[in-house]
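Residues per chain, in single letters:
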Amino acid sequence: MLPVAIIGAGPAGLAAADVVAAEGLPVVVFEQMPSPGRKLLMAGLGGLNITHTEPADRFIARYAESAPALTPMIEAFTPDHLRQWCAELGEPTFVGTSGRVFPESFKASPLLRAWLAKLDRQGVDLRNRHRWLGWNEDGALLFQMGAGETLTFEASATILALGGATWPRLGSTGAWKAELAERGVEMSPFAPSNCGFEVAWSDRLIDQHEGKPLKNVGFHFGEHHSRAEAVITKRGLEGGAVYALSAPLRDAIAAEGPQTLMLDLVPDLSHEETRAKLAKAKAKDSLSNRLRKSLGLSDVQRALFFEGHGPGVKEDLAQAVKSVPIQLLEPFGLDRAISSDGGVAWEAVDSDLQLKAIRGVYAAGEMLDWEAPTGGYLLQACMATGRWAGAAAAAFCKAQA
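Residues numbered from 1 in each chain as written. Predicted model: local features only at pLDDT ≥ 70, side-chain atom pairs only at ≥ 80, totals over all residues. Heavy atoms only, no water.

(A) A look at the overall build of the chain. For the chain, the count of helices and strands is 15 helices and 21 strands. Judged by the C-alpha coordinates and their principal axes, the chain covers about 85 × 40 × 40 Å. Among the 401 residues that make up the chain, the fraction classed as buried is 53%. Put simply, of all contacts in the chain between residues at least 6 apart along the chain, 69% involve residues at least 24 apart. For the chain, the accessible area works out to roughly 17,600 Å², and carbon and sulfur atoms hold 50% of it. Averaging the coordinates of the 39 positive side-chain charges in the chain and doing the same for the 47 negative ones gives two points 10 Å apart. (Helix = DSSP H or I, 4+ residues; strand = E, 2+ residues; numbered from the N terminus. Buried < 20%, exposed > 50% of the residue type's maximum accessible area, 1.4 Å probe, protein only. Contact = heavy atoms within 4.5 Å. Areas by Shrake-Rupley, 256 points an atom, 1.4 Å probe, with all protein chains shown as cover. Lys, Arg positive; Asp, Glu negative; His and termini not counted. Charge placed at Lys NZ, Arg CZ, Asp CG, Glu CD.)

(B) How the structure looks around empty space enclosed by the protein. Tallied over the full model, the rule gives one cavity of 30 Å³ or more. One number sums up the size of the largest cavity: a volume of about 50 Å³. Lining the largest cavity are Leu40, Leu48, Ile50, Leu82, Trp85, Cys86, Leu111, Trp115, Leu379 and Met383. Counting residues per element, the ones that place at least two in the lining of the largest cavity are helix 5 (79-88), helix 6 (109-121) and helix 15 (377-400). In terms of residue count, the dominant contributor to the lining of the largest cavity is helix 5 (three residues). (1 Å grid on protein atoms, 1.4 Å probe; cavity = no way out; pocket = protein on both sides within 12 Å on 5 of 7 lines; lining within 4 Å. Points joined across faces, edges and corners; volume = space filled by probe spheres on them.)

(C) Just the pattern of salt bridges, in detail. Enumeration according to the criterion identifies 17 salt bridges in this entry. A salt bridge links Glu23 to Lys398, with the nearest nitrogen and oxygen atoms 2.7 Å apart. Within this pair, whereas Glu23 is found in the loop between helix 1 (11-22) and strand 2 (27-30), its partner Lys398 is found in helix 15, the two being separated by 375 residues in sequence. (Salt bridge = Lys/Arg side-chain N within 4 Å of Asp/Glu carboxyl O.)

(D) Inspection of unusual backbone geometry at higher detail. With a phi angle near 50°, Ala64 is a residue other than glycine that sits in the positive phi range. Positionally, Ala64 belongs in the loop between helix 3 (56-61) and helix 4 (67-76). One non-glycine residue, Arg129, lies in positive phi territory at about 55°. With respect to the element layout, Arg129 can be found in the loop between strand 6 (125-127) and strand 7 (130-135). The exposure class assigned to Arg129 is partly exposed, which follows from its relative accessible area of 46%.

(E) Local environment of the side chain of Gln259. Residue position: Gln259 is located in strand 18 (residues 259-264). At 3.4 Å, the side chain of Gln259 and the side chain of Glu256 are in polar contact. At a separation of 3.1 Å, a polar atom in the side chain of Gln259 contacts the main-chain carbonyl oxygen of Gly257. (Polar contact = N/O pair within 3.5 Å; in protein donor to acceptor, adjacent residues only side chain to side chain.)

(F) Region of the structure containing the packing of helix 12 (residues 287-295) against helix 13 (residues 299-309). Taken N-terminus to C-terminus, the directions of helix 12 and helix 13 make an angle of 135°; their axes are 10 Å apart at the nearest point. Relative to helix 13, the element helix 12 lies oblique. The way helix 12 lies across helix 13 gives a crossing that is right-handed. On helix 13, the residues touching Leu287, Ser288, Leu291 and Arg292 of helix 12 are Arg302, Phe305 and Phe306. (Axes fitted to C-alpha atoms, helices over the stretch in contact; angles between N-to-C directions. Parallel < 35°, antiparallel > 145°, perpendicular 65-115°, else oblique. Left-handed = near helix turned anticlockwise from the far one by under 90°.)

(G) Representation of the sheet that holds strand 15 (residues 224-226). Pairing in this open sheet of four strands is antiparallel, and the strands run 15-14-18-19 from one edge to the other. Single-partner strands in this sheet number two, and they are strand 15 and strand 19 (324-328). The sheet shows a mean angle of 25° between the axes of neighbouring strands, taken without regard to direction. Pairing geometry for strand 14 (residues 218-221) and strand 15, over three bridges, is antiparallel. Paired with His220 across the two strands is His225, which belongs to strand 15. Contacts from helix 10 (residues 246-256) reach strand 14, strand 15, strand 18 and strand 19, with the element oriented near 145° to strand 18. Packed onto the sheet, helix 13 meets strand 18 and strand 19 and runs at close to 70° relative to strand 19. (Pairing = 2+ DSSP bridges.)

(H) Examining the pairing of strand 1 (residues 4-7) more closely. Along strand 1, one buried face is formed by Val4 and Ile6 and the opposite face, lined by Ala5 and Ile7, is buried too. Across four bridges, strand 1 lies against strand 10 (residues 157-160) in parallel orientation. Residue pairing in the sheet places Ala5 in a bridge with Thr158 of strand 10. One ladder, built from four bridges, connects strand 1 with strand 2; its direction is parallel. Across the sheet, Ala5 pairs through a bridge with Val28, a residue of strand 2. Once you follow strand 1 into helix 1 and on to strand 2, the crossover reads as right-handed. (Right-handed = clockwise from strand over helix to strand, strands pointing away.)

(I) Main features of the state of the cysteines. Tallied over the entire structure, the rule returns zero disulfides. In this model Cys86 remains outside any disulfide bridge; the closest cysteine sulfur is found in Cys382, 14 Å from its own. We classify Cys86 as buried; its relative accessible area is 1%. (Disulfide = S-S within 2.5 Å.)

Set out below in C-alpha cells:
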C-alpha cells in the first residue's frame, strides 16, 4: 500500500500521523521547515498551555460559530484525553489557577521530543525541508526539497495540516490557499485572530508608559468582557485581555470602522462602592491624587484615565473610572497575530474533513476556518481535528485496499 502523506509537522499533522501509524499504515510527514513543531515551540516559550479544564459546554462555546462542526471532534479527543496522552508520553500535566493546563515541565520541547520519539518508534518517516507545491497532472504530490530539487510523491491519501496565515517565519504562510482555490476548494478570507489593535496614543502616554502592563483592569466591548493582562505598545494595545475580545472587535471594525473599548479601572468595586471611596478624598487633592489615594490606581491606570477622558471630567467620576473609552482604529496585521480566522471553509469538507473537491485529501488544524481564544483552545482543536482526519484517512485507505 502506498503511504499516507501528511503535509505539515505541527500539532495537527503530528496528531494525524500518530493515529494513522497506530492503524498500522505507512506514514510520511513532510515539513517545509528545517525541523518540526516550530510554532509549538514558540508558543511554549512562556509556558505551554495545552488545554483548559472548564466544563465541556463552556469549553466548546469558545469556538463560537464553528462549535457545531468541532463538537464531535473534541468529544472524540477531549481535554482529559489530551492530558492522558501527555502522561503516556511521560509528560504529566498540572492545572494552573486559571484552569489552564500545562505540562509539569512547563515547556514545549520535552513534550515534542517525546512525541517525535514515539512517532519514530511507530515507523513514521519525517522529511524536513520539503515545501509542498501542489499536485502534478497525474495527481501525485509535488515538493521542492532543500537543495532546490523537486520530488514527486504518490500517496494513498493525503492530510493537509499546513497551518493558518500567521507566524510566516515559522512556516505558517497561508500560501497553500491559492493551490486549493484553483482546484475548487471553497475558502474563507484570512483575518487576524488573537491580535492587538492600533491606538493613536498621545506622545505623553507613549513616552511615560510604553511597554507597561495593565493589571487589575476589566475590558468591555458590548456584551463581551474579559479580565486579564494587557500591555501598552507604541502602536496600540495587546495582550490576553485584548486577544479575548479580538474577534468581535475585528468584525465590528471591518463593518463599521473604529470601535471604542471600555476599561473598568476598578473591576472589583461596584459603582456605589467606587463613589463612596471617592467621596472620602480630600477636597484639596488633585484629581490624579484622588484616584491614587481613594482607589489605589497605579500611574499607568491614571494615565489611561486621562487619555480616555481628557483633563476634566464633568460626568459622574465613579462612572468615568469604570468606563474609560479607548478608541481602537484597526487590528494588527496577520504577521502580528497569534492565530488566524479563515481558510478552508466548513462547506468545503465533509464530516470526515475530506475535501469535497479532491477525493482522498483531508484538511486539519488551523488551515480550517475556525478561531478560538488563547487558553489551550487552539492546541486542543488542532490535535482533535488532526486525529479526526487521521482516523478518517486510515479508514479510507483500508476501504480501498
